[in-house]
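Below are the chains, spelled out letter by letter.
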Amino acid sequence: MDEPRIGVFICECGVNIGGVIDCQAVADYAGTLPDVIRSSVNKYTCSDSGQSEIKQAIKDNNLNRVLVAACTPKTHEPIFRACVEEAGLNPYLFEFVNIREHCSWIHMQEKDAATEKACELVRMGVSRASKLEPLQSNEVPVTDTALVIGAGVAGMQSALDIAEMGYKVYLVEKNPSIGGKMAQLDKTFPTNDCSICILGPKMVEVARNKNIELMTYSEIEEVDGYVGNFKVKVRHKARYVDTDTCTGCGLCVQKCPVEVPNTEFNEGIGIRKAIYVPFPQAVPLRAVVDRSVCIDCGACSRACSSNSVVMEQQDTFSELDIGVIVVTAGFDVYDPEPTHDFGYGLYDNVITGMELERLINASGPTMGKVVRPSDVKPPKKVGFIQCVGSRDKNRNRYCSSFCCMYALKDAQLIREKYPDSEVYIMYMDMRTPFRNYEEFYDRARDMGIRFIRGKPGKVTENEDNGLKVRVEDTLTNDIIDLDLDLLVLSVGAVSSESTERIRQILKVSRAADGFLMEAHPKLKPVDTTLDGIFIGGVSQGPKDIPYSVSQGSACAARASRYLAQGKAITEGITVEVNHDVCVACGLCVPMCPFQALSIDDGKLNIIKALCKGCGTCAVACPTGALQQNHFRNDQLLAQVKNVFTFEEE
Amino acid sequence: MKMAENQQWEPKIVAFCCNWCSYGGADTAGMGRFQQPASLRIIRVMCSGRIDPLHVFNAFLEGADAVLVTGCHLGDCHYVNGNYKTQVRYDFMEDMVRELGLEPERLHLSWISASEGEKFANFVREVTEQVRKLGPSTLKPEGVN
């Protein structure tokens, strides 16, 4: 490599950086550093003109290294690497220094200190840049199959979109039926159309699509590999029913003597048998046996005309070769039971919004009759409490975004079914963005639903199991005591255990709220920081049905870029061994979690395709023979040594 | 860069951050505008498992008043278990810090996820405050700023 000739470009990022840091001073300082041939300030270095300036400077000054001091490499490194590559430089001869997130934005009031720090960061960057070496990116083939984890409405949409583009999709669902939470809902806002009536046909479409291989009652066990080449192990839980011959007729269910609460679909209201069909519209419409409550009486087996009950069945496993992964693993509704919020779990007539969904649903346990759990009579006075488990520093700080709308919907449905009922909604704020949502709120008001702005302080139970709710109307400052027959808690959404499990298997990041974290909040809302893995639906954060469907489609579009190209580019950052120095001691071998290293015939062997470039092995090397490209010791130590300068007297 | 005579002494802290979690945490701190002392200089590595005691002690020998070793939460490592190896190496580094006669408050380990911007900023604030009280590192070479 020739002597380093470094070009330094300091970005003002409008006023994001320029408003705090004296960028010209930083550029002037950079000009005094060794190997820096030229340095300048741009208003927006990432803009077309900013990039053109870099390319022109490379030509004019015969630069062989480029340093940009701007924002975070997490979003902009690929842009500048591509830019220098277009000018004929190897993309790894580019160095990024973050003076926005790590400087101007966090030292807004200390302009001098921020400028000084920016100078030092640039000095560290220049020292590293002078030691950079060209590397080759690796092109890897992409298997033309997708895995979609979770078959709620987001996952179904994602699977359908990918399948309709002509690629094979494995759709894995942990429950015995697809459909997710939407299948449990009665109506959907703001149109009040029947949820299962619009979801059912989609479920059938998923099952019929030739490119979709549906794996219900199945869970992801292991995921290995990288973009284009994931190895996925799936466990198919034993249903104890032969799904090829079962017709879902339900004769077995009728004969089963075991009755347990239907927690899976009816929120614990009503019962199900030990052998059951998840719900009438289930896909696949097949029975499943809950062996944890089954008494092995054999009644189901005798009732089945097709001999489909197979009690000897065992869990089976599949190994899949997968190119891209979409995670739509869903959510849980907030559970007010452990903390007894507003008397939930203490008083029979305090229920959650999801429990109301099942009560009000025509195919639910009460055939759509809304009743008080205590005496199974229709309630005359119903109250809703909003933001239960949401927007609360002691529970979850975030807004769950759909609770206002579902409360408005259920309140309307109650008023429609029982015109003489009184309905109250107690709220902190009503949040009704998006098309026709505000109109929906107006409609609720027009229907005579009463809104009280205030969070109740106290809920107590009367002798007749009625409820007394004390709430301050913060608009009028009146203390109101409401006597209610039924109290509905509009509970929010929380990240589910199964999402967390998948997250840990895939190593996707989690945000502070517990939901999966996207690669960029604005520009990469369904990407993760892991190539080839995408996230959507409520596993990414609370959202309503249209938003979930949009994200499902977005995941499909983002994922299929890899499938269509049939290849992916992986980082050129891998480890390299200097055999002249390596003594084949083998200390590095167990450091690698990917089995990329081995000692063969007294010599260290590195399988580049398996190396993911973490560099953990290089630290273990006692001789310095093993180095991580792009993060070699001399490159990192150059940064360390340039944090500090000596004062010259 | 010459420091003004009347300027208060500010510690200089070197932080090694992994690309996936703690570097992202520092970014999130920036995005959230969580103000923090201008004491920190971040060096990015792909994995906290790449942080070599060599880097840490060189930072001390060059004049760092404190060094932070940071990475993903245990169980969340992008490279399966790199941070467990970091943990093992960190225990060794803690012993070394004592052997060198440095105060233990000059070396810190923290697991910070990409979403924990506020945690990152608080961490920088706390360590800076501790080190301000301790004063300059005794390993700092003469004339270094």
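Above this text you will find the structure in question.
Rules and cut-offs
Residues numbered from 1 in each chain as written. Chains lettered and ligands numbered in written order. Predicted model: local features only at pLDDT ≥ 70, side-chain atom pairs only at ≥ 80, totals over all residues. Heavy atoms only, no water. Phe/Tyr/Trp six-rings, centres within 6.5 Å; stacked < 30°, edge-to-face > 60°. Buried < 20%, exposed > 50% of the residue type's maximum accessible area, 1.4 Å probe, protein only. Lys NZ or Arg CZ within 6 Å of the ring centre and 35° of its normal. Axes fitted to C-alpha atoms, helices over the stretch in contact; angles between N-to-C directions. Helix = DSSP H or I, 4+ residues; strand = E, 2+ residues; numbered from the N terminus. Parallel < 35°, antiparallel > 145°, perpendicular 65-115°, else oblique. Left-handed = near helix turned anticlockwise from the far one by under 90°. Contact = heavy atoms within 4.5 Å. Nonpolar A, V, L, I, M, F, W, Y, C, P; charged D, E, K, R; others polar. Buried area = accessible area lost by both parts, 1.4 Å probe. Salt bridge = Lys/Arg side-chain N within 4 Å of Asp/Glu carboxyl O. Disulfide = S-S within 2.5 Å.

Draft legend 1. Structural context of the packing of aromatic side chains. Residue and element names in this part refer to chain A. Counted according to the given criterion, the structure contains 13 aromatic pairs over all chains. Taking 6.2 Å as the distance between ring centres and 35 degrees as the angle between the ring planes, the aromatic pair formed by Phe 402 and Tyr 406 counts as tilted. Classification of Phe 402 as buried rests on a relative accessible area of 10%. What makes Tyr 406 buried here is its relative accessible area of 10%. Geometrically, the ring pair formed by Phe 434 and Tyr 437 is edge-to-face, given 5.9 Å between the ring centres and 90 degrees between the ring planes. Among the residues examined, Phe 434 registers a relative accessible area of 58% and is labelled exposed. Judged by relative accessible area, Tyr 437 falls into the buried class, the value being 5%. In textbook terms, an aromatic cluster arises when at least three aromatic residues are bridged by ring pairs, as seen for Phe 80, Phe 94 and Phe 96. The ring of Tyr 240 has Arg 291 lying over it, and the distance from NZ or CZ to the ring centre is 4.7 Å.

Draft legend 2. Representation of the packing of helix α6 (residues 111-129) of chain A against helix α18 (residues 633-641) of chain A in the model. All names here are of chain A. Across the interface, α6 lies against α18 with an axial gap of 8 Å and an inter-helix angle of 155 degrees. Relative to α18, the element α6 lies roughly antiparallel. The handedness of the crossing between α6 and α18 is right-handed. Two secondary-structure elements touch here, α6 through Met 124, Ser 127 and Arg 128 and α18 through Gln 635, Ala 638 and Gln 639. Looking at the contact of α6 with α18 residue by residue, the class counts come to two nonpolar, three polar and one charged.

Draft legend 3. Inspection of the interface of chain B and chain A at higher detail. With 60 residues of chain B in contact, the opposing surface of chain A contributes 58 residues. In this assembly, chain B packs against chain A so that about 5,200 Å² is buried in total across both faces, 58% of it on carbon and sulfur atoms. At the junction of chain B with chain A, the criterion picks out five salt bridges. Glu120(A) serves as the salt-bridge partner of Arg41(B), at 2.7 Å between the closest nitrogen and oxygen. For the side of chain B that touches chain A, the elements supplying multiple residues, two or more each, are β1 (13-18), α1 (22-31), β2 (40-45), α2 (53-62) and α3 (82-99) of chain B. The biggest single contributor to the side of chain B that touches chain A is α1(B), with seven residues. Looking at side-chain class alone, the side of chain B that touches chain A contains 29 nonpolar, 18 polar and 13 charged residues.

Draft legend 4. Focus on unusual backbone geometry. Residues and elements named next belong to chain A. Across the junction of Phe 189 and Pro 190, the peptide omega takes the value -5 degrees, indicating a cis bond. Along the chain, Pro 190 turns up in the loop between β8 (187-188) and β9 (193-194). Each neighbour pair has its own omega, and for Val 283 with Pro 284 the value is 0 degrees, a cis peptide bond. Along the chain, Pro 284 falls in the loop between β15 (275-276) and β16 (288-289). Here Asn 192, not a glycine, exhibits a phi torsion of approximately 55 degrees, which is positive. Its location among the elements puts Asn 192 in the loop between β8 and β9. Judged by its relative accessible area of 15%, Asn 192 falls in the buried class.

Draft legend 5. Spatial organisation of the state of the cysteines. All names here are of chain B. What the rule picks out here adds up to two disulfides over all chains. Sulfur-sulfur distance for the disulfide between Cys 21 and Cys 72 comes to 2.4 Å. Here Cys 21 and Cys 72 share a disulfide; its torsion about the S-S bond, 95 degrees, makes the bridge right-handed. Separated by 51 residues along the polypeptide, Cys 21 in the loop between β1 and α1 and Cys 72 in the loop between β3 (66-71) and α3 bring together distant segments of the chain. Residues Cys 21 and Cys 72 agree in their burial class; the two are buried. Cysteine Cys 18 is unpaired, with the sulfur of Cys 72 as its nearest cysteine sulfur at 3.6 Å.

None of the figures reported here should be taken as evidence of function without further support.
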